[in-house]
Amino acid sequence: MTDIRKVAVIGAGVMGAGIAAHVANAGAEVLLLDIVPEGASDRSIIAKGAIQKLLKAEPAAFMSKAAAKLVTPGNIEDDLGDIATCDWVIEAVVERLDVKQALYARIEAARRPGTPVSSNTSTIPLADLTAGLPESFRRDFLITHFFNPPRYMRLLEIVTGPESDAATANRVAAFADVRLGKTVVRCKDTPGFIANRLGTYWLQAAVIGALDLGLTVEEADVVMGRPFGFPKTGVFGLIDLVGLDLMPHVVGSLQRTLPQSDPFHALIREVPVIDTMLKTGMTGRKGKGGFYRLNRENGGKVKEAIDLSTGTYRAQDRAALPEGAEKDIAALIASDTPMGRYAWQVMGRTLAYAARLVPEAADDIVAVDEAMRLGYNWKWGPFELIDKIGAAALIARLKQDGAAIPELLAKAEATPFYRVTDGKRQYLGMDGAYHDIVRPEGVLLLADIKLASQPVLRNGSASLWDIGDGVLCLEFTSKSNSLDEGIITLLAKATKLVREKYKALVIYNEGSNFSVGANLGLALFACNIAAFGEVEKLIAQGQKVYQDLKYAPFPTVAAPAGMALGGGCELLLHSSTVQAHAESYIGLVECGVGLVPGWGGCKEMLTRWQSEASLPKGPMPAPSKVFETVSVATVAKSAAEARELLFLREGDGITMNRDRLLADAKARALALVEGYAPPKPRDLTLPGPSGKVAMVMAAEGFARRGMATKHDLVVADALATVLTGGDADHIEPVTEADVLELERAAFMRLIRTNATLARIEHTLETGRPLRN
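The rules behind each value
- Residues numbered from 1 in each chain as written.
- Predicted model: local features only at pLDDT ≥ 70, side-chain atom pairs only at ≥ 80, totals over all residues.
- Heavy atoms only, no water.
- Patch = residues over 30% accessible without salt bridge, like charges linked within 9 Å, V, L, I, M, F, W, Y side chains within 5 Å.
- Areas by Shrake-Rupley, 256 points an atom, 1.4 Å probe, with all protein chains shown as cover.
- Salt bridge = Lys/Arg side-chain N within 4 Å of Asp/Glu carboxyl O.
- Helix = DSSP H or I, 4+ residues; strand = E, 2+ residues; numbered from the N terminus.
- Buried < 20%, exposed > 50% of the residue type's maximum accessible area, 1.4 Å probe, protein only.
- Expected span 1.5 Å × (residues − 1).
- Arc of directions from axis to C-beta.
- Axes fitted to C-alpha atoms, helices over the stretch in contact; angles between N-to-C directions.
- Parallel < 35°, antiparallel > 145°, perpendicular 65-115°, else oblique.
- Left-handed = near helix turned anticlockwise from the far one by under 90°.
- Contact = heavy atoms within 4.5 Å.
- Nonpolar A, V, L, I, M, F, W, Y, C, P; charged D, E, K, R; others polar.
- Core = buried A, V, L, I, M, F, W, Y, C linked by side-chain atoms within 4.5 Å.
- Lys, Arg positive; Asp, Glu negative; His and termini not counted.
- Phe/Tyr/Trp six-rings, centres within 6.5 Å; stacked < 30°, edge-to-face > 60°.
- Lys NZ or Arg CZ within 6 Å of the ring centre and 35° of its normal.

Draft legend 1. The arrangement of a nonpolar patch on the surface in detail. A surface patch of nonpolar side chains, amounting to about 240 Å² of accessible area, comprises Leu241, Val242 and Leu246. Within the fold, leucine 241 resides in helix α10 (residues 234–242).

Rendered as structure tokens:
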């Protein structure tokens, strides 16, 4: 589908280097070039230094450190000719038109004819970038605007011009979609494109609104946060995160390039407190603090916030929304309170401004909503928010304020922007008619399937859906997709049903996380009333259901995205194969809460590592490797890393684009159907008590160095017992059933201890492990 195998990135700054790393994550070769510093002995030192920074970056830029080997550093003076070997050239140099155009002239002389060239600019129009350049260059040129950090931000805005070759742009878009995992949003060649144009307007409106209405930063952030589905940072927290020093550049660019008739200009004014913050280096988290800071004076850690009226810091307050406003944004903006008036001033303006962007900056409302969801992490796009408030109510309030009503907004006064008809989601167009939302080829969403069908089976924790061609999909619906008796019960029923009437099973959901593991709250409740028998019953039931799934006569494909921890990881280990989203974070984390894997995780990891050719032979290497991974609750930070840790196998698949995961998993399941045979049970060779002694001694060594606690040693002892086979003799085979029994016994022994119960309670309350 795409013929892009090698990419040149010119400019090894934060964005250029991040783009290079992510292209390498996709398995493509990268040529990373930058200037030659004056007097440098190593002429490629900037690009080489960028790669070293990438390897140390947090969050990680590379999905696997091995990907760094795909990036070749160089410099523009000596190595620009090498772009002739590349299939796409990305420019990510300083935002100066003269610098970019001078570079383009050199690129044009060096590239192969027909090679796409794109700029990562966020401020300079395409027409200006290509002015005066040859027709051959203009034909192959486009803007590809990545968001920072490129690995994690799914949005890619693509801008083409009237002379751009459609096939070339489509080739880049296809690579970005399938290989880089981006959601491509096509934008018009207008200032700020879509996301930054609207996002900057929103941030500016929020800052000015807080100043005008006398709100504190805490009050402003609690309004511009969860009620509207915005990140919990709110606006001031978000500015601290991205850097206050970036705001004048973005605002200034829009101020220079937008026509004077644009409402953005009404938000421009001097803000003395921000000027002072910039002069004193209070630029946010990367500086000495920002609107918020952590005051460490006198050995303390006091959370402080800036007073917008005085510019001085004070202790941070906890702000509360008006009663009932958190879940009803219409009620919030109608509330005659300072927070309600602020919500209206900011969002009334912002939503009206969003309606102006169609068709000026985007062809339709879907593009605008997608850009804000993915570029600014809004839960709902602006037009989805208008539907929640009601367009008629919004229009009435705007008229009351004497504000102009955008043409598109007026069309929705008596009808929503989105509707569902005949099981299809549709959007309102500029022509006043509804149009189907068309997914790209190869995209299958469970949300769309659910609009047109009813579940085959359902309970309070999970649902089973028919996704066509004889394949069922098991979806978790519990809080955080935590595993409980309801999910285990429905998984058992699904296994039976597929065996009788269907071809294959896919386990997948569209939540933020595949599964955070077993429902610890229910386990803690059961323990607090001494219902240990119920806990053991659930452990035994889970073991049986997972084993039945593993040895079922049909293929099961688990398709995780986000976290797959504890029991969620164990479910992957028991599936026929896994089709994982690249951003899957997989691990057996039970030791962190004072337990051991109880649903076959130890058994499966032992089996995998005993089959690993790179390990020495004998009974000890595999248990040692599993102990090393599980005892410290190691979590893979990507699907690629999960493969290195054997949470995934070499034959398991990785999907870069989250929206393509279900289609890929279904295709994988169907490919396995013909001739499918379940695996055969495998006996293990384990070292027994002598192996356990070695593991416990290693854990005690960590404790002596202050790296393990008293209860860590208790948990390590229980884990070592399981992994070494209990009383096993290394010359006698240990069956899967034997290891499952050891797992169950160790789990129940630990969950009866006060220290483990304290860990569980602390984790549930704080989200962090207790080191006891």
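Draft legend 2. Broad picture of the environment of proline 338. Mapping proline 338 onto the fold places it in helix α14 (residues 338–360). For proline 338, a relative accessible area of 48% gives the class partly exposed. Separated by 128 residues in the primary sequence, proline 338 and alanine 210 place their C-alpha atoms 9.7 Å from one another.

Draft legend 3. Focus on helix α4 (residues 97–110). Given a rise of 1.5 Å per residue, 14 residues ought to cover 20 Å, and the 20 Å separating the end C-alpha atoms of α4 matches this to within 8%. Taken together, the buried positions of α4 are occupied by Lys100, Leu103, Tyr104, Ile107, Glu108 and Ala110. End-on, the buried residues of α4 take up no more than an arc of 155°, which puts them together on one face.

Draft legend 4. A look at the packing of helix α29 (residues 710–723) against helix α30 (residues 736–751). At a closest axis distance of 9 Å, the pairing of α29 and α30 adopts a crossing angle of 165°. Regarding the angle of α29 to α30, the classification is roughly antiparallel. Helix-helix and strand crossings are classified by hand; for α29 and α30 the assignment is right-handed. Side by side, α29 and α30 meet where Val714, Val715, Ala718, Thr721 and Val722 of the first sit next to Val739, Leu742, Glu743, Ala746, Arg749 and Leu750 of the second. Per-class residue counts for the contact of α29 with α30 are eight nonpolar, one polar and two charged.

Draft legend 5. Spatial organisation of the nonpolar core. Of all hydrophobic cores here, the largest spans 115 residues; its most connected members are Trp202, Met224, Phe228, Phe291 and Phe383. Here this core gets 13 residues from one element, more than from any other, and that element is α14. Beyond its immediate stretch of four places on either side in the chain, tryptophan 202 contacts Met224, Phe230, Val235, Leu238, Val346, Met347, Thr350, Tyr376 and Trp378. If you look at the next biggest cluster of nonpolar residues, it comprises 82 residues, including Val498, Trp599, Ala728 and Leu757.

Draft legend 6. Representation of the side chain of glutamate 590 in the model. Structurally, the position occupied by glutamate 590 is in the loop between β22 (584–587) and α24 (601–610). Although glutamate 590 lies buried, it forms no salt bridge, and the closest oppositely charged side chain, arginine 759, sits 11 Å away as judged by the N-O distance. When near neighbours in sequence (up to four residues on either side) are disregarded, glutamate 590 contacts Gly566, Gly567, Glu570, Leu595, Val596 and Pro597.

Draft legend 7. Quick peek at the packing of aromatic side chains. Going through the model one piece at a time under the given rule, you end up with 14 aromatic pairs. An aromatic cluster is present here, built from Trp202, Phe228, Phe230 and Trp378 joined pairwise through their rings. A cation over a ring is seen here: arginine 425 above tyrosine 418, with NZ or CZ 4.2 Å from the ring centre.

Draft legend 8. Summary view of unusual backbone geometry. For the bond from glutamate 58 to proline 59, the omega torsion is 0°, close enough to zero to count as cis. The step from valine 358 to proline 359 runs through a cis peptide bond, and the omega angle for that step is 10°. Residue placement: proline 359 occurs in helix α14. Phi is positive for phenylalanine 193, which is not a glycine, with a value near 55°. Inspection of the secondary structure puts phenylalanine 193 in the loop between β8 (183–187) and α8 (195–213). With relative accessibility at 1%, the residue phenylalanine 193 sits in the buried group. A positive phi is found at asparagine 377, a non-glycine position, where the angle reads about 60°. By the element assignment, asparagine 377 lies in the loop between α15 (365–375) and α16 (382–389). Taking relative accessible area as the criterion, asparagine 377 reaches 47% and is therefore assigned partly exposed.

Treat this as a map of the structure, not an account of what it does.
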